[in-house]
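Tertiary structure, described
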Amino acid sequence: KKKELNSRHRKSGKTVGEYVAELRKLLQDCNYGETLMLVCGINDDRIQRRLLSETDLTIDSASKNIKDLLVQSTGAPSATCNAQGSQVKVNKVFRSGGKHSPQECRFKNEKCHNCGVKGHIKKACRNKNKERGDCHNPKDFKSPHGTHHLKEEEDKEDAEEHEAYTMCSMKKSDIPKVAPITVILNVKNKNVQFKLDTACIVTIMNQREYSDLWNSMEVPELETCDISLKTYTGEKVNILGATQITVMYQGKAKELPLVVVTGSGPNLLGRDWGPVYQVTQSSHKTLQDVIAKHEMVFKEELGTLQGTTVKIYIERNATPHYFKPRSVPYATKPKAEAELDCLLKEKMMEPVKFSDWAAPIVPVVKSDDSVRICGDYKLTVNRMSCLKQYPSPKIDDLFAILSGGEQFTKLDMSCAYQQIVVEEDSKKYVTVNTHNGLFRDNRLPLGVSSAPGIFQRTMEGLLQGILQVAVYLDDILVTGLTEVEHLENLEEILNRLEKAGLCLKRSKCTFKAKEVVFLGHKVDATGLHPVKEEVQAIQEAPATKLKSYLGLLNDYNRFLPNLSALLMPLQLPLQKYVKWYWGCVQEKAFEASKK
């Protein structure tokens, strides 16, 4: 009997009452403490430790504590006993529906595929109307915005795998609400806002916005779509069809799939738009990140346009023009010689012994007191060149491109023209004659009549397709409808300049400014405004410089209504074959125009 008593443990499926009755029967023939045997026979370490910590423990109190602890650990009693422990009724285990102890149930650590709670399986779940991860009936939930947040429709599986953790609801939370990540993309030449949805496998657009893409044109028929989509509350989304749509990103056009759904909910950017999605994932870059990534563009040296050279076209049978060097003032000569040495060192010029073409130089003193060497090519190559006309962009068109921008970045090229190499056969036409001998330019020099058109055509071709970018010779102004789009446009510009081998002058660049001066106008989010310094120059201009004065006023004609009628008296003395005169009418018009 002692051996049988020592080996006795509570078996699976037996209730606490049944186990206590067996112990009392065996203890009749042994002089053992029945309370100690009850504690040792419980095959649960947690319950044993709890019982051993009690003082004055009796068989009745131990039995009651065991029952209470079992109820707490399982959430429901595994059995019910009468006061004498004789009548026992075994219930089905709530974890799986089987008839065994909850502690012995092999599904006690499994996750329900219906409600996501750990501790039972789907077929025994008491929350039959609940969707996984949500505590509301989907029929009772209606999104006020018609949200289309999607998930894939899952096949029915046996709910006997995976793990989940129960989350308690919080009455108050200090976690701030975060706005959804939105992206503005150019779809069919129109800006369309999408919400980034990393869980959505397709990109969707609502029916109303899709119809607006076509304006008054007939909307093309959609193709049938076999996929099935649901909202996060389990409601089916009505799919109208699928199509291929043209999307612009990073200056390139892509044909990407699009699913069109009913309603007017938000458009979702899914994972199927791979290239755009990857760009959006990295769209949280800062200005410092963009600049650091393209440090080579801001290097302190002369850039070189890769893959192309410039040819200067001259009339057939043109007579070469050779001019002697002009004398340079003694005060300027050391600076001019230092500039020549610098140009030779950077290989922008090279000395020659003989040349049929030669233009005198014009030393120009810059604001930093250094000297720029310019050739007076109007005496030589400009007379004989076949000028390739290229239209300069209209200022109004450039400013229209910038509309809608909140912040502006202005980029300035370093020695802009001289970053383009002149082809070998054309170098003889840009030879200059100095007091130190003959030199010919290896780079496109200032003063050649075709240089502005060549450079404008080069820059427009290089930056073509980038939205909200205005290019005028060596000045580049970029903006965006949002800060993210602004940085994306800026990064694409820097990327193209770096690949082309061109460089910018960092000290002359302005980044993400609320307002910038561009082509003599102040540009900000509200539009164009006159520059204060330019207005002051107009107001202080003397009548003796009438032509310059009228030129300044014409630059601001958009701000001056009826300007042509007001300036008519000032135009009359400047007409051809009219003798100059200045009377009271001209003086009155001159003073009125300054106001």
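Residues numbered from 1 in each chain as written. Predicted model: local features only at pLDDT ≥ 70, side-chain atom pairs only at ≥ 80, totals over all residues. Heavy atoms only, no water.

Observations regarding the packing of aromatic side chains
This structure, assessed with the given rule, holds eight aromatic pairs. Ring geometry for W582 versus F590: centroids 6.0 Å apart, planes at 75°, classification edge-to-face. Members of the aromatic cluster, each reached through a chain of ring pairs, are Y549, W580, W582 and F590. (Phe/Tyr/Trp six-rings, centres within 6.5 Å; stacked < 30°, edge-to-face > 60°.)

Remarks on the packing of helix α15 (residues 546-555) against helix α16 (residues 563-571)
Running from amino to carboxyl end, α15 crosses α16 at an angle of 175°, the nearest separation of the two axes being 12 Å. Between α15 and α16, the interaxial angle falls into the category roughly antiparallel. Across the interface between the two elements, L546, L550, L553 and N554 from α15 touch L563, L567, L570 and Q571 from α16. Of the residues belonging to the contact of α15 with α16, the class tally is six nonpolar, two polar and no charged. (Axes fitted to C-alpha atoms, helices over the stretch in contact; angles between N-to-C directions. Helix = DSSP H or I, 4+ residues; strand = E, 2+ residues; numbered from the N terminus. Parallel < 35°, antiparallel > 145°, perpendicular 65-115°, else oblique. Contact = heavy atoms within 4.5 Å. Nonpolar A, V, L, I, M, F, W, Y, C, P; charged D, E, K, R; others polar.)

Examining the sheet that holds strand β12 (residues 359-365)
Spatial strand order, β11-β16-β15-β12-β13: five strands in an open sheet with mixed pairing. Strands at the two margins of the open sheet, each flanked by one partner only, are β11 (349-352) and β13 (371-375). Within this sheet the neighbouring strands show an average axis-to-axis angle of 40°, counted without direction. Note: β12 against strand β15 (residues 431-434), two bridges, orientation parallel. Across the sheet, P360 pairs through a bridge with N433, a residue of β15. The strands touched by helix α9 (residues 333-345) are β11, β13, β15 and β16 (437-441); relative to β13, the strand with the most contacts, the crossing angle is about 75°. (Pairing = 2+ DSSP bridges.)

Let's talk about the pairing of β16
Most of β16 is tucked away, with four of its five residues classed as buried. As paired elements, β11 and β16 share four bridges and run antiparallel to each other. Bridging from a neighbouring strand, M349 pairs with D441 of β16. Between β15 and the antiparallel strand that follows it, β16, lie two residues. (Buried < 20%, exposed > 50% of the residue type's maximum accessible area, 1.4 Å probe, protein only.)

Here we look at the sheet that holds strand β17 (residues 469-472)
Reading across from one edge, β17-β18-β14-β19 is the order of the four strands in this open sheet, with antiparallel pairing throughout. Of all strands in the sheet, those with a lone pairing partner are β17 and β19 (510-513), marking the two edges. Here the average twist between neighbouring strands, direction ignored, is 15°. Pairing of strand β14 (residues 408-412) with strand β18 (residues 475-478), which is carried by four bridges, proceeds in the antiparallel orientation. Counted as the bridge partner of T409 is V478 from β18.

Structural notes on empty space enclosed by the protein
Where empty space is left becomes clear once a probe the size of a water molecule has been rolled over the atoms. Counting across every chain of the model gives three cavities of 30 Å³ or more. Considered as a void within the structure, the largest cavity measures approximately 100 Å³ in volume. M349, I373, Q418, D441 and P445 are the residues nearest the centre of the largest cavity, which is lined by 13 residues in total. Considering each element in turn, the lining of the largest cavity owes the most residues, three residues, to β13. Split by residue class, the lining of the largest cavity holds nine nonpolar, two polar and two charged. (1 Å grid on protein atoms, 1.4 Å probe; cavity = no way out; pocket = protein on both sides within 12 Å on 5 of 7 lines; lining within 4 Å. Points joined across faces, edges and corners; volume = space filled by probe spheres on them.)

Notes on the confidence of the model for the chain
In the predicted model, the chain carries a mean pLDDT of 77, and 75% of its residues have values of at least 70. Across residues 75-90, where pLDDT falls below 50, the model places 20 contacts with residues more than four positions away in sequence or in other chains. Within the model, the stretch residues 129-171 combines pLDDT values under 50 with 79 contacts to residues more than four positions away or in other chains. (pLDDT = per-residue confidence, 0-100.)

Observations concerning the environment of P542
Mapping P542 onto the fold places it in the loop between α14 (532-539) and α15. For P542, a relative accessible area of 39% corresponds to the partly exposed category. Considering only alpha carbons, one finds P542 and F590, 48 residues apart in sequence, at a separation of 9.6 Å.

Considering the side chain of N442
For N442, the position within the fold is in the loop between β16 and α12 (451-462). A distance of 3.2 Å separates polar atoms of two side chains, one belonging to N442 and the other to K427. Once residues within four sequence positions are removed from consideration, N442 is found in contact with K347, M348, M349, E350, V421, V422 and K427. (Polar contact = N/O pair within 3.5 Å; in protein donor to acceptor, adjacent residues only side chain to side chain.)

With respect to the nonpolar core
L411, M459, I476, I493, L497 and L504 are the most contacted members of the largest nonpolar core, which totals 56 residues. With six residues, the top contributor of residues to this core is helix α13 (residues 483-500). In this view, L497 contacts V297, M459, L462, I476, L502 and L504; residues no more than four positions away in its chain are not counted. Core analysis: the next-biggest nonpolar cluster, separate from the first, contains 18 residues, V183, F194, W214 and L222 among them. (Core = buried A, V, L, I, M, F, W, Y, C linked by side-chain atoms within 4.5 Å.)

Digging into the pairing of strand β21 (residues 521-524)
In terms of strand pairing, strand β20 (residues 516-518) meets β21 through three bridges, oriented antiparallel. Note on β21: the bridge partner recorded for F518 is H521. Where β20 hands over to β21, the hairpin turn is made up of two residues, of which L519 adopts a positive phi near 55°. Alignment of β21 against strand β22 (residues 527-530), held across four bridges, turns out to be antiparallel. The residue bridging V523 from the neighbouring strand is L528, located in β22. The turn joining β21 and β22, which pair antiparallel and follow one another in sequence, is formed by two residues.

Here's the deal with the layout of surface pockets
Taken as a whole, the largest pocket spans an internal volume of roughly 940 Å³. Taken together, 30 residues line the largest pocket, and the ones lying closest to its centre are K366, S414, C415, Q418 and K505. Considering each element in turn, the lining of the largest pocket owes the most residues, three residues, to α9. Looking at side-chain class alone, the lining of the largest pocket contains twelve nonpolar, four polar and 14 charged residues.

Describing the pattern of salt bridges
The final tally for this structure, using the stated rule, is twelve salt bridges. When the shortest N-O distance is used, the salt bridge between K299 and E301 registers 3.4 Å. On the basis of relative accessible area, E301 is assigned to the partly exposed category, the value being 47%. One salt bridge connects E515 with K522, and the closest N-O pair in it is separated by 4.0 Å. (Salt bridge = Lys/Arg side-chain N within 4 Å of Asp/Glu carboxyl O.)

Concerning the packing of α16 against helix α17 (residues 584-594)
The N-to-C vectors of α16 and α17 enclose an angle of 140°; their axes lie 8 Å apart at closest approach. One way to sum up the angle between α16 and α17 is to call them oblique. The chirality of how α16 crosses α17 is left-handed. Within the contact between the two elements, α16 uses L566, L567, P569 and L570 and α17 uses V585, Q586, A589, F590, A592 and S593. (Left-handed = near helix turned anticlockwise from the far one by under 90°.)

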